[in-house]
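# Per-entry structural report
Here is what each chain is made of, one letter per residue.
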Amino acid sequence: MSNDLYRSEDSTLSLWDAANILEYATSRFTSIRLSLHRSHVTRTDDYRSQFVRHLVWEAERFVFPFINMCAASSVSSSMPMYLCDVVRILACWQIGTLDDNKLYDAFEKFDCMVDGDITVRCRIVNLYAYCWWKDRFDLGPFQMPNRISLLEVKELVEEHFDQLPAGHLLIPKLPQMPTGSDPLLHQVRCIREHMQRLGEGLQSMLLTKVEEGDLALDALTRLEGPVDEVMDAMRASHELIDALGINRQ
């Protein structure tokens, strides 16, 4: 993994760790969604029930603990759009707004390409630990572990990033800020960092638009000569027609 500068102790969780773990969780949910789309297994009630049970297990091992740890420290970690959608429906299931069938339907209908086709393709790897979705999980007993240690999760994340294709290096990292003892000061720094990046993005976009406008103006300017030549030719042809007395009807 190339994030040695931000590596934390095995027993602690930094904001950088949380962001990488949530990216790993997004990869798992994306792989699950794509596998579900390709599967031709009959969606029986038992299949749906087992799928939801495993889906909740995913969130309870790779998502909710790390969101909660960030929240307890009064900080927040950036999450991909697709993971935000998944977390939202799982939270609705937890509070009873959605039952098992509605949760299954909502997950199945979600567009896992919401973060962009290239990003999604670079997010998927060949090997996942605890990849229950690649087996007939609905035919046997539930065999997922009750707990996964923070150290093991970090190791899984490191193995995951080692498998990513080279194209993943071209995708910019989500902005991260080092943690501090003052949560309020940390949030202010995060806001300043995001505003700075937003300003840089807007400046780049405006410069691009100005350059495009200059190119369009230059193209129009280069057309003036040919257009004038065409107008002169038309004017000369009309004069010739008038001189010859040809009927233009």
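Residues numbered from 1 in each chain as written. Predicted model: local features only at pLDDT ≥ 70, side-chain atom pairs only at ≥ 80, totals over all residues. Heavy atoms only, no water.

This next bit is on the environment of H160. Relative to the assigned elements, H160 resides in helix α7 (residues 150-163). A residue is classified by how much of its surface remains accessible, and H160, at 2% relative accessible area, is buried. In the structure, H160 is positioned 31 residues away from A129 in sequence and 9.4 Å away in space, judged by C-alpha atoms. Excluding its chain neighbours within four sequence positions, the residues that come into contact with H160 are Y24, S27, R123, V125 and Y128. (Helix = DSSP H or I, 4+ residues; strand = E, 2+ residues; numbered from the N terminus. Buried < 20%, exposed > 50% of the residue type's maximum accessible area, 1.4 Å probe, protein only. Contact = heavy atoms within 4.5 Å.)

Quick look at the pattern of salt bridges now. Think of it this way: side chains of opposite charge can pair up when their charged atoms draw near. Overall, the coordinates contain 9 salt bridges when judged by the stated rule. Between E108 and R43 there is a salt bridge, and its shortest N-O distance comes to 3.9 Å. Here the residue E108 occupies a position in helix α5 (residues 100-109), and R43 occupies one in the loop between α1 (15-38) and α2 (45-62), the gap between them amounting to 65 residues. Its relative accessible area of 28% is what places E108 among the partly exposed residues. In this structure R43 comes out as partly exposed when scored by relative accessible area, which is 24%. Residue D85 is joined to R88 by a salt bridge in which the shortest nitrogen-to-oxygen separation is 2.9 Å. Remark: R88 and D85 occur in helix α4 (residues 81-94); sequence separation between them is 3 residues, near one turn of the helix. (Salt bridge = Lys/Arg side-chain N within 4 Å of Asp/Glu carboxyl O.)

Looking now at the environment of F107. Within the secondary structure layout, F107 lies in helix α5. When its relative accessible area of 0% is taken as the criterion, F107 is described as buried. Distance in space between the C-alpha atoms of F107 and L90 is 9.1 Å, their sequence separation being 17 residues. Once you skip the residues sitting within four places of it in the chain, F107 turns out to touch F29, I32, R33, L36, F51, L55, Y82, V86 and I89.

Once that is clear, we can look at the nonpolar core. Grouped together as the largest cluster of nonpolar side chains are 44 residues, with contacts concentrated most on F29, F51, L90 and F107. Listed by contribution, the elements that provide at least two residues to this core are α1, α2, α3 (64-72), α4, α5 and α7. In contact with L90, other than residues within four places in its own chain, are F29, L55, V56, A59, F64 and L103. (Core = buried A, V, L, I, M, F, W, Y, C linked by side-chain atoms within 4.5 Å.)

So, on to α5. Three or more residues of α5 are buried, namely L103, Y104 and F107. Summarising the axial view, the buried residues of α5 lie within an arc of 100 degrees, below the 170-degree limit, and thus occupy one face. Contact partners of the buried residues in α5: α1, α2 and α4. With a side-chain oxygen lying 3.3 Å from the backbone nitrogen of N101, the N-terminal cap of α5 falls on D99. (Arc of directions from axis to C-beta. Polar contact = N/O pair within 3.5 Å; in protein donor to acceptor, adjacent residues only side chain to side chain.)

A few words now on the packing of aromatic side chains. Scanning all chains against the criterion turns up 14 aromatic pairs. Arranged with centres 5.3 Å apart and planes meeting at 80 degrees, the rings of F51 and Y104 form a pair that is edge-to-face. With a gap of 53 residues between them, F51 in helix α2 and Y104 in helix α5 connect regions that are remote in the sequence. One exposure class covers both F51 and Y104, and it is buried. Aromatic pair W132 and W133: ring centres 5.6 Å apart, planes at 90 degrees, arrangement edge-to-face. Considered together, W132 and W133 belong to a single accessibility category, that of buried residues. Three or more aromatic residues link up through ring pairs in this structure, and these residues are F29, Y47, F51, Y104, F107, Y128, W132, W133 and F137. Above the face of the F142 ring, R53 is positioned so that its terminal group lies 4.1 Å from the ring centre. (Phe/Tyr/Trp six-rings, centres within 6.5 Å; stacked < 30°, edge-to-face > 60°. Lys NZ or Arg CZ within 6 Å of the ring centre and 35° of its normal.)

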